[in-house]
Amino acid sequence: MPSDQRLLTPLFWMLLGCFFIGGSAVVFSMIPVTEYTITVEPATAEEVDQIDGHDHYYTFSNLSDRAQSLFLTAKNTTKVTTTNTSRLPPEFEYYDDTTWDTYVQHDGKYYLVWTYRSDCLGCPIAQLGGALIGLIGAGFVLLGLILRLLGRKA
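Engineer: Pulling in residues and values, what's your account of the packing of aromatic side chains?
Structural biologist: Under the criterion given, the structure shown has 7 aromatic pairs. Here the aromatic rings of Phe-12 and Trp-13 are separated by 5.1 Å at their centres, their planes lie at 70°, and the arrangement is edge-to-face. The exposure class assigned to Trp-13 is partly exposed, which follows from its relative accessible area of 24%. Taken together, the aromatic side chains of Phe-12, Trp-13, Phe-19, Phe-20 and Phe-140 make up a single cluster linked through ring pairs.

Rendered as structure tokens:
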């Protein structure tokens, strides 16, 4: 085998492997993640009358710092969506396909806090595909390295 070909063949497989690994990174960067949404709206008079029997009721001062911050942001912007689970306060619960309601009293007014979680339905398949592409790429890089080592011995 000519010396140029002994050098180019392993290089080709390593570059192809890097291309696949890069493709895997692109797939993973495009996978949507779970979103957690909170909305805050003033409670109606009818809702305020029913708060005493409601399981999920807080005064603003009894909320954790994270819950207070999230409540105020959602109150001022109507809706907050995050993918960062570390920002989620323990007072608010997030369920898929259903909203969860909590009441908060703030500055003498009552507010209805709605929370919702939306999951990526195709994410497990996309993650598996991205991992498979990355493994194929790693295999090509390994093949290139093996061919390079074998070429040196010959």
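Having seen the structure, we can now continue with the description.
Engineer: Which residues make up a nonpolar patch on the surface, and what values go with them?
Structural biologist: Together, Leu-142, Leu-145, Ile-146 and Leu-150 give the surface a local cluster of nonpolar side chains, amounting to about 370 Å² of exposed area. Looking at the secondary structure, you find Ile-146 in helix H4 (residues 123-153).

Engineer: An account of helix H3 (residues 65-77) is needed here, citing residue identities and associated values.
Structural biologist: An α-helical turn contains 3.6 residues, so a residue and the one three or four places further along point in the same direction. An ideal rise of 1.5 Å per residue puts 18 Å on 13 residues; H3 measures up with 18 Å between its terminal C-alpha atoms. For H3, the full list of buried residues reads Ala-67, Gln-68, Leu-70, Phe-71 and Ala-74. Looking at the buried side of H3, the elements it contacts are strand E1 (35-42), strand E3 (79-82), strand E4 (100-106) and strand E5 (109-118). Positive backbone phi, approximately 80°, marks Thr-78, located one or two places after H3.

The rules behind these values
- Residues numbered from 1 in each chain as written.
- Predicted model: local features only at pLDDT ≥ 70, side-chain atom pairs only at ≥ 80, totals over all residues.
- Heavy atoms only, no water.
- Phe/Tyr/Trp six-rings, centres within 6.5 Å; stacked < 30°, edge-to-face > 60°.
- Buried < 20%, exposed > 50% of the residue type's maximum accessible area, 1.4 Å probe, protein only.
- Patch = residues over 30% accessible without salt bridge, like charges linked within 9 Å, V, L, I, M, F, W, Y side chains within 5 Å.
- Areas by Shrake-Rupley, 256 points an atom, 1.4 Å probe, with all protein chains shown as cover.
- Salt bridge = Lys/Arg side-chain N within 4 Å of Asp/Glu carboxyl O.
- Helix = DSSP H or I, 4+ residues; strand = E, 2+ residues; numbered from the N terminus.
- Expected span 1.5 Å × (residues − 1).
- Contact = heavy atoms within 4.5 Å.

Remember, this is a structural readout, not a statement about activity or role.
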